[in-house]
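Close look at the chain arrangement
Read off the chains here:
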Amino acid sequence: MQPLHLYNTLSRKKELFEPLNPPYVGMYVCGPTVYNYVHLGNVRTFLTFDTLYRYLTFIGYKVRYVRNLTDVGHLVGDGDEGEDKIGRMAKLEKVEPMEIVQRFTNDFHNVMAQFNTISPSIEPTATGHMVEQIEAVQTLLAKGLAYESNGSVYFDIDAYNQRGGNYGKLSGRILDDLLNETRELDGQSEKRSPLDFAIWKNASPEHIMRWNSPWGEGFPGWHLECSCMSMKYLGKQFDIHGGGMDLKFPHHECEIAQGDGLTGVEPVRYWMHSNMLTVNGQKMSKSLGNSFLPAELFAGNHPLLDQPYSPMTVRFFMLQSHYRSTLDFSNDALKAAQKGYRRLANGLRIAKTLTYQPATDESGPISEDKQQDIRQAVQQFYDALNDDLNTAVGIAQLFTLLKYINMLYLNQLQSATLGEEVFNLLKSSFVSFMQDVLGLTEEGSYNQSILEGLLTLYREYKEQRQYDKVDQIRTYFKAQGLAIKDMKHQIDWAYEE
Ligand code: AMP
Ligand code: ZN
């Protein structure tokens, strides 16, 4: 079997994944800035890393997964000047900044639960790590890698590069180009070079989120929290750092400079970036007005949506593309995903109920071809995920396994034809690949005994040829998004595909 390879943005290659201290893996993912509702684009990034976390755990690693909440320091416009995103909302709504943080943290957690993501091992906040951040600024100043200017402290990129740093190496930006692109904005005159970035900002009188520091009242620069929190919980060098592609520059570039500057060690071994969810080819973002919220998607009440879509449909839709490709939202694609997901969900429900029936005189001989096909699909699922988490190819293998599960269910295949070992492999692989690795579960809370009761009535009415009653029961199932499967050997229900 091909071992796990991950694409490293830093080397621009797929690399064999070798954690620093196996079986332990340290993984840090940039979490949301909790000033607003997360949109579906943000969700894509978090689902990518949830799936990676699930897969690493599934193949036996013990993962410490840290995903932060940005609750201070991220300024409107993502630069070094302007209002704090959270402070701005607090002012608009005339509430405490921490009320904004709490409200959108709750929303984020709800959304993550709806999409069946696993909570990180640690979810640290920037405001909860002020001491660490102030200490980091002091260390960088002491090392001559930062300078104070009017109560703010800036990271000195020239000094860093002169000591062997290579600012720009992650994103592939050339310093001269960056300098040409950078306009001199108000306040940037405090900086020695326009590329230098704030690690501590002096708070203007109207700025409400402020802390005491050796440089006066202020707040940390946006990039600093991730360096400090990853270092605190994962060490000065750790295995995986993830985030959306749009964070490569400047956020992650600055994290490398800070981490390396603080400890002299390259902070991250594998940098992973997930690509953007787009709408008509444009990045989904709040500022472009083309974003919608998970709640709007589940209710179907947004002009871009033809109908509601369930969380698992959306999760499946996202996993059907490779995380490094852009993924364009469309109703057609989501409708196709709904169908695909429901087929798998039916398979999952059935698979859990299948039991091995030992060979009888009537069951035919073992089919080596089928055994081989199932073994190969299982193998290829691992190969796909080991190939830089290729969930798209992995899902295709799930459909091969589904074919056999359906054949067993429809009595077109006897479990004895597969032999007990391959039957068990089929069942356990299908269930665990779907639930544990891809995080796809059955949806809806159906009361199994009520459904069974209705099916009993259905059978009776059918025998009595009371077809209006039979139709009534069918209509009831349909209204719940379910269908009655009237098969030769049994009557059952299924998710409507
Ligand atoms: P933010 O709250 O803006 O810091 O974003 C949280 C995460 O969502 C970051 O990792 C972003 O890179 C990611 N993100 C933002 N927009 C999109 C999008 N359209 N598609 C995928 N990821 C996104
Ligand atoms: Zn970050």
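Just so you know, these numbers come straight off a predicted model, no measurement behind them.

**Some words on the side chain of Asn68**
Residue placement: Asn68 occurs in the loop between strand 4 (62–67) and helix 2 (85–93). On the accessibility criterion, Asn68 (0% relative accessible area) is buried. Here the side chain of Asn68 touches Tyr28 through a polar contact of 3.4 Å, side chain to side chain. Within polar-contact distance, the side chain of Asn68 engages the side chain of Thr70 at 3.2 Å. In this view, Asn68 contacts Tyr28, Val29, Cys30, Gly31, Pro32, Pro124, Glu225, Cys226 and Met229; residues no more than four positions away in its chain are not counted.

**Considering the pattern of salt bridges**
Two side chains carrying opposite charge are able to pair once their charged atoms lie near each other. Scanning the model with the defined rule gives 23 salt bridges in all. Residues Glu217 and Arg210 are paired through a salt bridge, measuring 2.6 Å at the closest nitrogen-oxygen approach. Its salt-bridge partner being Arg349, residue Asp492 comes within 3.1 Å of it at the nearest N-O pair. On the criterion of sequence distance, the pair formed by Asp492 in strand 15 (residues 491–495) and Arg349 in helix 11 (residues 331–353) is long-range, its members being 143 residues apart. Of the two residues, Asp492 and Arg349, both sit in the buried class. Through salt bridges that share partners, Asp50, Arg54 and Arg315 make up one connected network.

**Digging into the sheet that holds strand 5 (residues 146–149)**
Taken together, the four strands give an open sheet; going across it, the order is 5-6-7-8, and neighbouring strands pair in antiparallel fashion. Only two strands of the sheet have a single partner each, and these edge strands are strand 5 and strand 8 (218–220). The average angle at which neighbouring strand axes cross in this sheet is 20 degrees, direction not considered. With four bridges joining them, strand 5 and strand 6 (residues 152–155) adopt antiparallel strand pairing. From the neighbouring strand, Tyr147 faces strand 6, where its bridge partner is Tyr154.

**Section: the nonpolar core**
Formed by 146 residues in total, the largest nonpolar core has its most connected members in Met27, Leu40, Leu56, Ile240 and Phe430. Setting aside residues no more than four positions away along its own chain, Ile240 makes contact with Leu6, Phe17, Val25, Gly26, Met27, Tyr28, Leu52, Leu56, Val268, Tyr270 and Met272.

**Regarding the site of ligand 1**
Neighbouring ligand 1 are 16 residues, the closest being Gly41, Thr45, Asp246, Leu277 and Met284. A distance of 2.8 Å is found between a nitrogen atom of ligand 1 and a backbone nitrogen or oxygen belonging to Leu277. Take Met284: an N or O atom from its main chain is 2.8 Å from a nitrogen atom of ligand 1. Coverage of ligand 1 by the protein amounts to 92% of the 500 Å² it exposes when considered alone.

**Notes on helix 7 (residues 222–234)**
In this model, helix 7 (13 residues) spans 19 Å end to end at C-alpha, consistent with the 18 Å of a helix rising 1.5 Å per residue. Most of helix 7 sits inside the fold, with 10 of its 13 residues counted as buried. Buried within helix 7 we find Trp222, His223, Leu224, Glu225, Cys226, Ser227, Cys228, Met229, Ser230 and Leu234. Gly235, located one to two residues past helix 7, shows a positive phi value of around 100 degrees.

**Some words on the packing of helix 12 (residues 368–386) against helix 15 (residues 420–437)**
Two elements in contact, helix 12 and helix 15, have axes whose closest approach is 10 Å; the angle formed by their N-to-C orientations is 25 degrees. Considering their axes alone, helix 12 and helix 15 lie roughly parallel with respect to each other. In the crossing of helix 12 with helix 15, the sense of the turn from one axis to the other is left-handed. Where helix 12 abuts helix 15, its residues Gln371, Ile374, Arg375, Val378, Phe381, Tyr382 and Leu385 lie against Glu421, Val422, Leu425, Leu426, Ser429, Phe433 and Val437. Partitioned by chemical class, the residues of the contact of helix 12 with helix 15 number 10 nonpolar, two polar and two charged.

**Thoughts on helix 8 (residues 248–263)**
In a regular helix each residue adds 1.5 Å, so 16 residues correspond to 22 Å; helix 8 covers 21 Å between its end C-alpha atoms and thus fits that length. Counting buried positions along helix 8 yields 13 of 16 residues, so the element is predominantly enclosed.

About the cut-offs
- Residues numbered from 1 in each chain as written.
- Chains lettered and ligands numbered in written order.
- Predicted model: local features only at pLDDT ≥ 70, side-chain atom pairs only at ≥ 80, totals over all residues.
- Heavy atoms only, no water.
- Helix = DSSP H or I, 4+ residues; strand = E, 2+ residues; numbered from the N terminus.
- Buried < 20%, exposed > 50% of the residue type's maximum accessible area, 1.4 Å probe, protein only.
- Polar contact = N/O pair within 3.5 Å; in protein donor to acceptor, adjacent residues only side chain to side chain.
- Contact = heavy atoms within 4.5 Å.
- Salt bridge = Lys/Arg side-chain N within 4 Å of Asp/Glu carboxyl O.
- Pairing = 2+ DSSP bridges.
- Axes fitted to C-alpha atoms, helices over the stretch in contact; angles between N-to-C directions.
- Core = buried A, V, L, I, M, F, W, Y, C linked by side-chain atoms within 4.5 Å.
- Near = heavy atom within 4 Å.
- Areas by Shrake-Rupley, 256 points an atom, 1.4 Å probe, with all protein chains shown as cover.
- Expected span 1.5 Å × (residues − 1).
- Parallel < 35°, antiparallel > 145°, perpendicular 65-115°, else oblique.
- Left-handed = near helix turned anticlockwise from the far one by under 90°.
- Nonpolar A, V, L, I, M, F, W, Y, C, P; charged D, E, K, R; others polar.

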